[in-house]
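# Per-entry structural report
Each chain, letter by letter, is given below.
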Amino acid sequence: EKGGYDSFMLKEIAEQPRAVADTLLGRIDAEGALTLDEVRIPVPELRAVEKVVVVACGTAFHAGLIAKYAIEHWARVPCEVELASEFRYRDPILDRRSLVVAISQSGETMDTLMAVRHAREQGAKVLAICNTNGSTIPRESDAVLYTHAGPEVAVASTKAFLTQLVACYLVALYLGQSRGTTWGDEVRSVIRDLAGIPAALERVLAAVEPVRELARSLADRNTVLFLGRHVGYPVALEGALKLKELAYMHAEGFAAGELKHGPIALVERGLPVVVVVPSPRGRSVLHGKIVSNIQEIRARGARTVVIAEEGDDAVVPYADHLFRIPAVPTLLQPLVATVPLQVFACELATARGNEVDQPRNLAKSVTVE
Ligand code: M6R
């Protein structure tokens, strides 16, 4: 049932190109335009939305953080992202013009379900992004966009995360299309970019062996830090979460711009720091800033592990370890940049003798508070 893989997690990592392709399937028409019939919220209501609030936990929350960039960029509507466990105890301000997006692989996470109930009581519309047909969260929501990752067995979420990202991009584009902020050729062009992601993921997967080797060499470390900017920041958080839950190591993700405001004090000789580098093409300002950050931490003795786009030569002099990812549009980069971090955590956990599919103290779906 593990299909020849040592763990369900490795199998599920390898299934990601197909999971992404399946999640796009049936949502693009013959003309390359977006058709989201499942979003049964009428277009006039989508046009009237004044704010979007994304609620989720854990890895799904990281998908939500990335969704904010896409929703604000394509739909030009303010978007907040909140941990469901915080949201529900905060008396959040919601009304009929609020759209709540609840992201959950299992559809059974208690905190997210309670956030959904609370949102609907306030009159907000709720759209669920979920991987499990007929689970509780979609049943209690106004509409649902299913991710088609297939069953995810490993406790650590991998393919569900990538498909949540795809669903978030589709929702952002659909909102943009409905509100008239992104349409026609622009939507089609993003759809084309998304359709190219499975092939890009195959290339990432074909090149992960050096990531595994590095992971094995770091098995006796206590701490790994992760840095990112823009959509790379949630990727850094996700890389750190994977390492915590699987390798039981101290791992933290930071926004690279925050380094000087504290975290740089943690850097000492030999400390592995993984840096997710934005494309040098799209947001070149951010790229330059992160290259400076890599220089700064390396000057203080960090062992830099750099995830950068193919052809990005500026990072070469400062990377102790360099892993290449295919060039994709800035907003979509998390789809390819996350995969090496999943492999890194999985391999490090294995090297430390941990059970990767069933990490200690964790359950696949958290149906209690
Ligand atoms: O089923 P859900 O997506 O609602 O689960 C949310 C989190 O419990 C989940 O993502 C958790 O953080 C994973 N173990 C992360 O790998």
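Residues numbered from 1 in each chain as written. Predicted model: local features only at pLDDT ≥ 70, side-chain atom pairs only at ≥ 80, totals over all residues. Heavy atoms only, no water.

Looking at an unreviewed UniProt entry, one finds the chain named Glutamine--fructose-6-phosphate aminotransferase [isomerizing], with Streptomyces tsukubensis as its source organism. Checking UniProt for the chain, the heading Subunit (unreviewed entry) contains the comment "Homodimer." The UniProt entry for the chain carries the following comment under Catalytic activity (unreviewed entry): "D-fructose 6-phosphate + L-glutamine = D-glucosamine 6-phosphate + L-glutamate". (UniProt positions renumbered as here; feature names shortened; annotations may be inferred.)

### Here's the deal with helix 14 (residues 333–351)
Between the first and last C-alpha of helix 14 there are 28 Å, a value that for 19 residues agrees with the 27 Å anticipated at 1.5 Å per step. Counting buried positions over the 19 residues of helix 14 gives 17, a clear majority of the element. (Helix = DSSP H or I, 4+ residues; strand = E, 2+ residues; numbered from the N terminus. Expected span 1.5 Å × (residues − 1). Buried < 20%, exposed > 50% of the residue type's maximum accessible area, 1.4 Å probe, protein only.)

### Looking at the environment of Glu 309
Within the element layout of this structure, Glu 309 appears in strand 9 (residues 303–309). With a relative accessible area of 3%, Glu 309 lands in the buried category. C-alpha of Glu 309 to C-alpha of Asp 111: the two residues are 198 residues apart in sequence and 37 Å apart in space. If sequence neighbours within four positions are ignored, Glu 309 has contacts with Ser 279, Pro 280, Arg 281, Arg 324, Ile 325, Pro 326, Ala 327 and Val 328. (Contact = heavy atoms within 4.5 Å.)

### Some words on the site of the ligand
Around the ligand, a shell composed of 13 residues is seen, among which Ser 104, Gln 105, Ser 106, Thr 109 and Glu 245 lie nearest. Residue Ser 157 places a main-chain N or O atom 2.8 Å away from an oxygen atom belonging to the ligand. Protein contact buries 90% of the 420 Å² of open area that the ligand shows by itself. The dominant element in the shell around the ligand, judged by the number of residues it contributes, is helix 4 (residues 58–75), at 3 residues. By residue class, the composition of the shell around the ligand is 4 nonpolar, 7 polar and 2 charged. (Near = heavy atom within 4 Å. Polar contact = N/O pair within 3.5 Å; in protein donor to acceptor, adjacent residues only side chain to side chain. Areas by Shrake-Rupley, 256 points an atom, 1.4 Å probe, with all protein chains shown as cover. Nonpolar A, V, L, I, M, F, W, Y, C, P; charged D, E, K, R; others polar.)

### Examining helix 13 (residues 284–299)
For helix 13, which comprises 16 residues, the first-to-last C-alpha distance of 23 Å matches the rise-based estimate of 22 Å (1.5 Å per residue) to within 8%. Residues of helix 13 that are buried: Leu 286, His 287, Ile 290, Val 291, Asn 293, Ile 294, Glu 296 and Ile 297. Residues of helix 13 that are buried in the fold lie against strand 6 (223–228), strand 8 (272–276) and strand 9. Among the residues trailing helix 13, Gly 301 stands out with phi positive, at a value near 100°.

### A look at the sheet that holds strand 8
The strand order across the open sheet formed by 5 strands is 7-6-8-9-10, and the pairing between neighbours is parallel. At either end of the open sheet lies a strand with only one pairing partner, and these are strand 7 (250–255) and strand 10 (321–325). Sheet twist, expressed as the average angle between the axes of neighbouring strands with direction ignored, equals 20°. For strand 6 and strand 7, the ladder comprises 6 bridges, and the chain directions are parallel. The residue of strand 7 that forms the bridge with Leu 225 is Glu 252. Packing of helix 11 (residues 209–217) onto the sheet brings it into contact with strand 9 and strand 10, and relative to strand 10 it is tilted by some 145°. Against the sheet, helix 13 makes contact with strand 6, strand 8 and strand 9, and its axis sits at roughly 175° relative to strand 8, the strand it touches most. (Pairing = 2+ DSSP bridges. Axes fitted to C-alpha atoms, helices over the stretch in contact; angles between N-to-C directions.)

### A closer look at the side chain of Thr 23
Residue placement: Thr 23 occurs in helix 2 (residues 16–24). A distance of 2.9 Å separates a polar side-chain atom of Thr 23 from the backbone oxygen of Ala 19. Discounting residues that sit within four places of it in the chain, Thr 23 has contacts with Thr 147, His 148, Ala 149, Thr 163, Val 166 and Leu 170.

### Things to note about the pattern of salt bridges
Summed over all chains, the structure comprises 26 salt bridges. In this structure, Asp 185 engages Arg 188 in a salt bridge whose closest nitrogen and oxygen atoms are separated by 2.9 Å. Of this pair, Asp 185 and Arg 188 both sit in helix 9 (residues 184–195), 3 residues apart, which is roughly one turn of that helix. One salt-bridge network, in which partners are shared between bridges, spans Glu 209, Arg 212, Arg 216 and Glu 347. (Salt bridge = Lys/Arg side-chain N within 4 Å of Asp/Glu carboxyl O.)

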